[in-house]
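Residue-level structure breakdown
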Amino acid sequence: SKVTKTLIILDLENMTYETEGTGKKFYGEGTFGDQPDQNMFGPTRKYLYFTEDGGKSPGVYARYGSDGTYFTMFQAIPGGMHDGDETVGLALSPDNKRFYAGIQHNGYIMEF
């Protein structure tokens, strides 16, 4: 929810859900402190990837499903050229070897 800054994780196999607030410190570097936006599962469904709408350092993050560990894939530098922008456009190549994401207002698309 963008209003409450909450990530809602659905488990459709068990018909359950859990919620987690933003503002978490992640494994390694990075922080997810603003609004969750687009999300998608990777091909193995072990990782949930999601973007961040707004903030000083929007990024793309991953959540490992079995234990809920969060990772930062990339994140803008606070005060830098992407300050206040948002990350968008999560996609995988058809062979699942390339990951794509973009910075909306500045018009950058990245391939990993």
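Residues numbered from 1 in each chain as written. Predicted model: local features only at pLDDT ≥ 70, side-chain atom pairs only at ≥ 80, totals over all residues. Heavy atoms only, no water.

The next subject is the pairing of strand 11 (residues 108-111). The sheet contact formed by strand 10 (residues 99-103) and strand 11 spans four bridges and is antiparallel. From the neighbouring strand, glycine 102 faces strand 11, where its bridge partner is isoleucine 109. The hairpin turn running from strand 10 into strand 11, its antiparallel successor, is four residues long, and glycine 107 in that turn takes a positive phi close to 75 degrees. (Pairing = 2+ DSSP bridges. Helix = DSSP H or I, 4+ residues; strand = E, 2+ residues; numbered from the N terminus.)

Take the sheet that holds strand 9 (residues 87-92) next. Spatial strand order, 9-10-11: three strands in an open sheet with antiparallel pairing. The open sheet has two free edges, formed respectively by strand 9 and strand 11, since each of these has just one partner strand. Neighbour-to-neighbour, the strand axes of this sheet turn through a mean angle of 15 degrees, independent of strand direction. Here four bridges tie strand 9 to strand 10, and the two strands are oriented antiparallel to one another. (Axes fitted to C-alpha atoms, helices over the stretch in contact; angles between N-to-C directions.)

Turning our attention to the sheet that holds strand 5 (residues 35-41). Ordered in space as 5-6-7-8, the four strands form an open sheet in which the pairing is antiparallel. Looking at strand neighbours, the two that pair on one side only are strand 5 and strand 8 (70-75), the edges of this open sheet. Averaged over all neighbouring strand pairs, the angle between strand axes comes to 25 degrees, with direction disregarded.

Here the focus is unusual backbone geometry. One non-glycine residue with positive phi stands out, namely arginine 45, at about 65 degrees. Residue position: arginine 45 is located in the loop between strand 5 and strand 6 (47-53). Since its relative accessible area comes to 57%, arginine 45 is described here as exposed. You will see that asparagine 96, though not glycine, has its phi angle at about 60 degrees, which is positive. Structurally, asparagine 96 can be placed in the loop between strand 9 and strand 10. We classify asparagine 96 as partly exposed; its relative accessible area is 40%. (Buried < 20%, exposed > 50% of the residue type's maximum accessible area, 1.4 Å probe, protein only.)

One pass over the full model with this rule turns up two salt bridges. Residue glutamate 18 is joined to arginine 63 by a salt bridge in which the shortest nitrogen-to-oxygen separation is 3.3 Å. Highlighted residues: glutamate 18 in strand 2 (residues 16-21) and arginine 63 in strand 7 (residues 59-64), separated in sequence by 45 residues. For arginine 63, a relative accessible area of 6% translates into the label buried. The closest approach of N and O atoms between glutamate 111 and arginine 98, which form a salt bridge, is 3.6 Å. With glutamate 111 in strand 11 and arginine 98 in the loop between strand 9 and strand 10, this residue pair connects regions lying 13 residues apart in the sequence. (Salt bridge = Lys/Arg side-chain N within 4 Å of Asp/Glu carboxyl O.)

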